[in-house]
Amino acid sequence: MATAPEPPTAEALRHAVEVLRRGGLLGLPTETVYGLAADAENEFAVRRIFAVKGRPSTHPLIVHLGSTEAVSEWVSHVPEEAHALAAAFWPGPLTLVLPRSTRASDAVTGGQGTVAVRVPAHPVALAVLRAYGGGLAAPSANRFGRVSPTRAAHVLQDLGADVDLVLDGGPSQVGVESTIVDLSGTAPALLRPGGVAREAVETVLGRKLSSQSEGQVRVPGMLPSHYAPRAGLVLAGRSEAVHRAAELHAAGSRVALCGPAGLVAPPGVLQLPASDDVEELARSLYELLRSVDAAQVDVAVVVVPGEAGLGLAVLDRLRRAAAPRGGRT
Ligand code: TXA
Ligand code: MG
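Residues numbered from 1 in each chain as written. Chains lettered and ligands numbered in written order. Predicted model: local features only at pLDDT ≥ 70, side-chain atom pairs only at ≥ 80, totals over all residues. Heavy atoms only, no water.

Q: Please clarify how the packing of helix H1 (residues 10-21) against helix H6 (residues 123-132) should be interpreted in this entry.
A: To describe two helices that pack against each other, one gives the angle between their axes and the distance between the axes. Two elements in contact, H1 and H6, have axes separated by 10 Å at closest approach and are oriented at 60°. Between H1 and H6, the angle falls in the class oblique. Considering the relative orientation of H1 and H6, their crossing is right-handed. Seen from H1, the contacting residues are Leu13, Ala16, Val17, Leu20 and Arg21; seen from H6, they are Ala127, Val128, Ala131 and Tyr132. Its residues assigned to classes, the contact of H1 with H6 shows eight nonpolar, no polar and one charged. (Axes fitted to C-alpha atoms, helices over the stretch in contact; angles between N-to-C directions. Helix = DSSP H or I, 4+ residues; strand = E, 2+ residues; numbered from the N terminus. Parallel < 35°, antiparallel > 145°, perpendicular 65-115°, else oblique. Left-handed = near helix turned anticlockwise from the far one by under 90°. Contact = heavy atoms within 4.5 Å. Nonpolar A, V, L, I, M, F, W, Y, C, P; charged D, E, K, R; others polar.)

Written out as structure tokens, the structure is:
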């Protein structure tokens, strides 16, 4: 188990606030993944986020806040269910979509009538948010469609000089993005599975979440191909994974097998360990996808978890990473 992340030094905090004040972009560690953060009320800075990511401007951003109390400034109304979820999961890996107030600009919301808000748990993110005072718009700090960063070094590798400062908060402890719950409609809907288990949200709400049908939502993580490494991915159950890897190898591909200890890769196939503990698998998932590319294989056979708990988020990311690339925007 990784050590708990440390708060930032006073010097790092001062520097981060200065970057944000002048409309710069900050690589911000959160407990889910690293964010590419900017002042959510500075339209110039928000536009730069879209430009650097290469993300269509109609795809809205999450506004990160330093406290639950700050949410009321960004939304027109806080429904009872939002209070309940905030009390249960904030600070933490949950994002709520609520009817927006005038403070949330079209640049951040993609012109929608709603805004997504989250209070992250990472001590560096919280310290920066509290020192800065305002909301920070922050998508994951990767180029559009690529694997999300879970370490400061990933942000630097992917974005280089396009980011003004990257704070190092150690490896992200959750490892997959926040769970997004839409509370702006008549019934609560799960827009993206993530770091808070669907079952845990449903327990607090006392009712089931509906699943939004894909076509309706402007969520980049909802595009069929996303979170993708360069190598191809084949998803397999534990019992068939070794056989699939052997077949692909025999057909002439360079193959990696990503699965729990106990599975033995066939001769000529590279073995990359993946935990069979679903929380540990979530934590290391993006690192695993990066190591697949670093190994320069053509295809990786990945053993998939079940849907319980964080398994749903891991499966969702793996399915998108494995989707055909042709349709990617
Ligand atoms: O864990 C996370 O949520 C990370 C960290 C950095 O906080 N952030 C993140 O941001 O994953 P991003 O931009 O990669 O994904 C945010 C998702 C997008 O898919 C976006 O479309 C959706 O939130 N979103 C934002 N505002 C929305 C809204 N008003 N209605 C529906 N979806 C919204
Ligand atoms: Mg993302």
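Now, onward.
Q: What exactly am I supposed to notice about the sheet that holds strand S9 (residues 189-192) here?
A: By definition, the strands of a sheet pair up through backbone hydrogen bonds, in either a parallel or an antiparallel sense. Strand order across the open sheet formed by ten strands is S7-S1-S2-S6-S3-S5-S4-S8-S9-S10, with mixed pairing between neighbours. The open sheet has two edge strands, strand S7 (165-166) and strand S10 (210-211), and neither has a second partner. Across two bridges, the pairing between strand S2 (residues 35-39) and strand S6 (residues 136-137) is antiparallel. Paired with alanine 38 across the bridge in S6 is alanine 137. (Pairing = 2+ DSSP bridges.)

Q: It is not clear to me how the pattern of salt bridges should be interpreted in this structure. Could you clarify?
A: Oppositely charged side chains may form a pair once their charged atoms are brought near each other. Scanning the entire structure with this criterion turns up 19 salt bridges. For glutamate 41, the salt bridge goes to arginine 103, with nearest N and O atoms at 3.0 Å. With glutamate 41 in the loop between S2 and helix H2 (43-53) and arginine 103 in the loop between strand S4 (94-99) and helix H5 (106-109), this residue pair connects regions lying 62 residues apart in the sequence. You can call glutamate 41 partly exposed: its relative accessible area is 43%. By relative accessible area, which is 29% here, arginine 103 ends up partly exposed. A single salt-bridge network, built from bridges that share partners, covers Glu177, Asp316, Arg317 and Arg320. (Salt bridge = Lys/Arg side-chain N within 4 Å of Asp/Glu carboxyl O. Buried < 20%, exposed > 50% of the residue type's maximum accessible area, 1.4 Å probe, protein only.)

Q: Looking at this model, I keep getting lost on the pairing of strand S12 (residues 255-259). Mind explaining?
A: In summary, the side chains of a regular strand alternate between the two faces of the sheet. Counting buried positions over the five residues of S12 gives five, a clear majority of the element. Because side chains alternate across S12, one face comprises the buried residues Val255, Leu257 and Gly259, and the other comprises Ala256 and Cys258, equally buried. When S12 meets strand S14 (residues 299-303), the two strands line up parallel, connected through four bridges. Pairing of leucine 257 across the sheet is with valine 301, part of S14. Here four bridges tie S12 to strand S13 (residues 270-273), and the two strands are oriented parallel to one another. Within the sheet, the bridge partner assigned to leucine 257 lies in S13 and is glutamine 271.

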